[in-house]
Amino acid sequence: MEFLNVLLPMLFRGLKVTLLVSVTGIFFGFILGSISGYALQGKNRIARVAANVYVWIIRGTPLIVQALYVYYVVPVLLDMNLSSVAAGIIVISLNSGAFISEIVRGALQSVDFGQNEAGMSLGLTDRQIMLHLIMPPAFRIMLPSLFNQFIITVKDTAILSVIVVNEITKEIQNYAALSFKTIEAYTTGAIFYLVIISALIIIQKNIERKLV
Amino acid sequence: MIQVRNLSKKFGNLTVLKDITMNVDEGEVVCIIGPSGSGKSTFLRCINQLEKPDGGEVLYNGRNLLEKTADIRMLREELGMVFQNFNLFPLKTVLENITLAPVLTGKESGEEASKKAMRLLRKVGLEEKAGTYPKELSGGQKQRVAIARALAMEPKALLFDEPTSALDPELVGDVLEVIKSLAEEGMTMIVVTHEMSFAREVADRVIFMAGGAIVEEGNPGEIFTSPKEERTRVFLSRVLHV
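Thresholds applied
Residues numbered from 1 in each chain as written. Chains lettered and ligands numbered in written order. Predicted model: local features only at pLDDT ≥ 70, side-chain atom pairs only at ≥ 80, totals over all residues. Heavy atoms only, no water. 1 Å grid on protein atoms, 1.4 Å probe; cavity = no way out; pocket = protein on both sides within 12 Å on 5 of 7 lines; lining within 4 Å. Points joined across faces, edges and corners; volume = space filled by probe spheres on them. Helix = DSSP H or I, 4+ residues; strand = E, 2+ residues; numbered from the N terminus. Nonpolar A, V, L, I, M, F, W, Y, C, P; charged D, E, K, R; others polar. Contact = heavy atoms within 4.5 Å. Buried area = accessible area lost by both parts, 1.4 Å probe. Salt bridge = Lys/Arg side-chain N within 4 Å of Asp/Glu carboxyl O. Polar contact = N/O pair within 3.5 Å; in protein donor to acceptor, adjacent residues only side chain to side chain. Phe/Tyr/Trp six-rings, centres within 6.5 Å; stacked < 30°, edge-to-face > 60°. Lys NZ or Arg CZ within 6 Å of the ring centre and 35° of its normal. Core = buried A, V, L, I, M, F, W, Y, C linked by side-chain atoms within 4.5 Å. Buried < 20%, exposed > 50% of the residue type's maximum accessible area, 1.4 Å probe, protein only. Expected span 1.5 Å × (residues − 1). Bend = angle between axes of the 7 residues up to and from the residue. Pairing = 2+ DSSP bridges. Axes fitted to C-alpha atoms, helices over the stretch in contact; angles between N-to-C directions. Parallel < 35°, antiparallel > 145°, perpendicular 65-115°, else oblique. Left-handed = near helix turned anticlockwise from the far one by under 90°. Patch = residues over 30% accessible without salt bridge, like charges linked within 9 Å, V, L, I, M, F, W, Y side chains within 5 Å. Areas by Shrake-Rupley, 256 points an atom, 1.4 Å probe, with all protein chains shown as cover.

## As for the layout of surface pockets
All names here are of chain A. A volume near 580 Å³ is recorded for the largest pocket. Taken together, 19 residues line the largest pocket, and the ones lying closest to its centre are Tyr38, Gln41, Lys43, Asn116 and Met130. Contributions of two or more residues to the lining of the largest pocket are made by helix H1 (4–41), helix H4 (84–110), helix H5 (113–121) and helix H6 (126–156). No other element matches the 5 residues that H6 contributes to the lining of the largest pocket. Tallied by class, residues from the lining of the largest pocket come to 10 nonpolar, 5 polar and 4 charged. Its boundaries defined by the atoms lining it, the second largest pocket holds a volume of some 190 Å³. Those elements giving two or more residues to the lining of the second largest pocket turn out to be helix H2 (45–60), helix H3 (63–78) and H4.

Rendered as structure tokens:
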């Protein structure tokens, strides 16, 4: 088990990057997904079409292709430098944002229309109704799905190893390449993921229990 | 105060209201009765524009609400509404349910609104429930909170859309008592209801609707004891003798 002395520090270093990319990615993804999800169910046609196209492109292409595109193609097109971590965060934001927008749309639509009518009958504006009557219960409805999306995102970041983001999977690959201990590297790596994800699932269950 | 002229409303090909004409004077209590699907609720919702009528006029203090320039939001501040399913705000306390609209619309400060909300809660007999959430209340209590919420905007008139239809029978009385006390204070009200004894006792005028039209209207004595129309008679004989 001596290989752990080298591998574990590498995995924890990877975990930091994985969490950095996942948390910032889901943060921007939530902002993006809220705007797009609101547009998906809103009255503005242009916004609705734009949001639909965005969701369509992301759902219609593999994450790995999106990662390669953002890292290798976008910097050339825009004539700029993009670090692999920055590219990773952008990809995760765009990708999770598309899935979150469906979560947001569903949650907004599942709030009883009576809430809307009650607000209208009290003389509130559409904006006040959205902000004070629709969004708070919608957020509650979407919280479990959002956390689920976060768990998916943490696993999705593994794909960023192809654009040399040094997250957990990349560190596993690095160790395997250096030591030739393939079995040890990938087995430990898989268990490492399992532990991290299990911890997140336990947190998720607690959140859900509190919401009921 | 409220005048409706030749109002019509369709849902797709289905005509739900045809050629409705009626007036409500200030201080009047009008009860609308009739079989399910007769358009009573739709008619009520056309008054405060929760449904857009397809034709006719709705005048509030002489102003036609169907004109593009009409300020529907202002109108709704003055025409309160109480729903069959209460539509309380589930994540807000009883007190917050009541203070939300007066504060958001800038009518009152938070403190003023809270004071008034407590006064209104006392009036509907739920003072001790100020800090609780709607899910902890019975249906009858919810509806009384909903009435207090509507009253907090100091409306000139109140619309009630089957306020007791979703309640257990033993809870209906408390809600009707509150509505009755409002009638005694001179509040203008239009009440869509299946509670015939309530309509008989409280209404100044009863309107019987069927098939999307007003079949007959008159004071409660006329309607309940000597209805002129056959359809009214048939309806009343069914609901009064079950």
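Here the narrative resumes, following the displayed structure.
## Observations regarding the interface of chain B and chain A
Facing the 22 residues of chain B at the interface are 17 residues of chain A. Taking both partners together, chain B and chain A bury about 1700 Å²; carbon and sulfur atoms supply 66% of that area. Here chain B is connected to chain A by 1 salt bridge. Where chain B meets chain A, there are 5 residue pairs in polar contact (both at pLDDT 80 or more). Put simply, the parts of the chain that give the side of chain B that touches chain A at least two residues each are helix H2 (72–78), strand S6 (79–82), helix H3 (94–104) and helix H5 (139–151) of chain B. Partitioning the side of chain B that touches chain A into residue classes produces 13 nonpolar, 3 polar and 6 charged.

## Section: unusual backbone geometry
Residues and elements named next belong to chain B. One non-glycine residue, Asn6, adopts positive backbone phi at about 50°. One can find Asn6 in strand S1 (residues 2–11). Within the chain, Glu162 stands out as a residue other than glycine whose phi angle is a positive 45°. Tracing the chain through its elements places Glu162 in the loop between strand S7 (157–161) and helix H6 (169–184).

## Side note on the packing of aromatic side chains
Considering all chains together, one arrives at 6 aromatic pairs over all chains under this definition. Ring geometry for Tyr71 of chain A and Tyr72 of chain A: centres 4.9 Å apart, planes at 65°, overall edge-to-face. Over the ring of Phe89 of chain B we find Arg149 of chain B; its NZ or CZ atom is 4.5 Å from the centre of that ring.

## Quick notes on the nonpolar core
By size, the foremost hydrophobic cluster in this structure holds 58 residues, and its most contacted members are Ile2, Leu7, Ile20, Met22, Phe43 and Ile190 of chain B. The biggest single contributor to this core is H6 of chain A, with 11 residues. When sequence neighbours within four positions are dropped, the list of residues in contact with Met22 of chain B reads Ile2, Gln3, Val4, Val30, Phe43, Ile207, Ile214 and Glu217 of chain B. Val82, Ile98, Met189 and Ala203 of chain B belong to the second largest nonpolar core, which has 48 residues in total.

## So, H4 of chain A
Relative to the 39 Å expected for 27 residues at 1.5 Å per residue, H4 of chain A spans 39 Å between its end C-alpha atoms, a close match to the ideal helical length. At Ala98 of chain A, H4 of chain A shows its largest kink, close to 25°.

## Examining the pairing of S1 of chain B
All names here are of chain B. Relative to strand S2 (residues 14–24), S1 is paired through 7 bridges, and the arrangement is antiparallel. If you follow Gln3 over to S2, its bridge partner there is Asn23. Between the end of S1 and the start of S2, which pair antiparallel, lie 2 residues, with Gly12 showing a positive phi angle near 65°.

## Considerations on the packing of H1 of chain A against H2 of chain A
Residues and elements named next belong to chain A. In contact at an axis separation of 8 Å, H1 and H2 are set at 125° when each is read in the N-to-C sense. Classified by the angle between their axes, H1 and H2 sit oblique to one another. The element H1 and its partner H2 pack so that their crossing is left-handed. Residues Leu32, Ser36, Ala39 and Leu40 of H1 lie in contact with H2, whose contacting residues are Ala47, Arg48, Ala51, Asn52, Tyr54 and Val55. Taken together, the residues of the contact of H1 with H2 break down into 7 nonpolar, 2 polar and 1 charged.

## What about a nonpolar patch on the surface?
Residues and elements named next belong to chain A. Together, Ile64, Val65, Leu68, Tyr72 and Val162 give the surface a local cluster of nonpolar side chains, amounting to about 390 Å² of exposed area. One can find Val65 in helix H3. Classification of Val65 by relative accessible area gives partly exposed; the value is 41%.

## Considerations on empty space enclosed by the protein
Rolled over the atoms, a probe as big as a water molecule pinpoints where empty space is left. For the structure shown, the criterion picks out 2 cavities of 30 Å³ or more. Lining the largest cavity, in full, are Gln115, His132, Leu133, Pro136 and Pro137 of chain A together with Phe89, Pro90, Leu91 and Lys92 of chain B. The leading source of residues in the lining of the largest cavity is H6 of chain A, at 4 residues. Lining the second largest cavity, in full, are Ala118, Ser121 and Leu122 of chain A together with Met81, Val82, Ala146, Arg149 and Ala150 of chain B. At the level of elements, H5 of chain A together with S6 and H5 of chain B are the ones that each hand at least two residues to the lining of the second largest cavity. The element best represented in the lining of the second largest cavity is H5 of chain B, accounting for 3 residues. When its residues are assigned to classes, the lining of the second largest cavity shows 6 nonpolar, 1 polar and 1 charged.

## Examining the pattern of salt bridges
Residues and elements named next belong to chain B. Tallied over the entire structure, the rule returns 18 salt bridges over all chains. When the shortest N-O distance is used, the salt bridge between Arg73 and Glu77 registers 2.8 Å. Within this pair, Arg73 and its partner Glu77 are both found in helix H2, separated by 4 residues, close to a single helical turn. Taking the relative accessible area as the measure of exposure, Arg73 reaches 26% and is therefore partly exposed. Note on Glu77: relative accessible area 10%, which makes it buried. The partner of Arg144 in a salt bridge is Asp174, with the nearest N and O atoms 3.7 Å apart.

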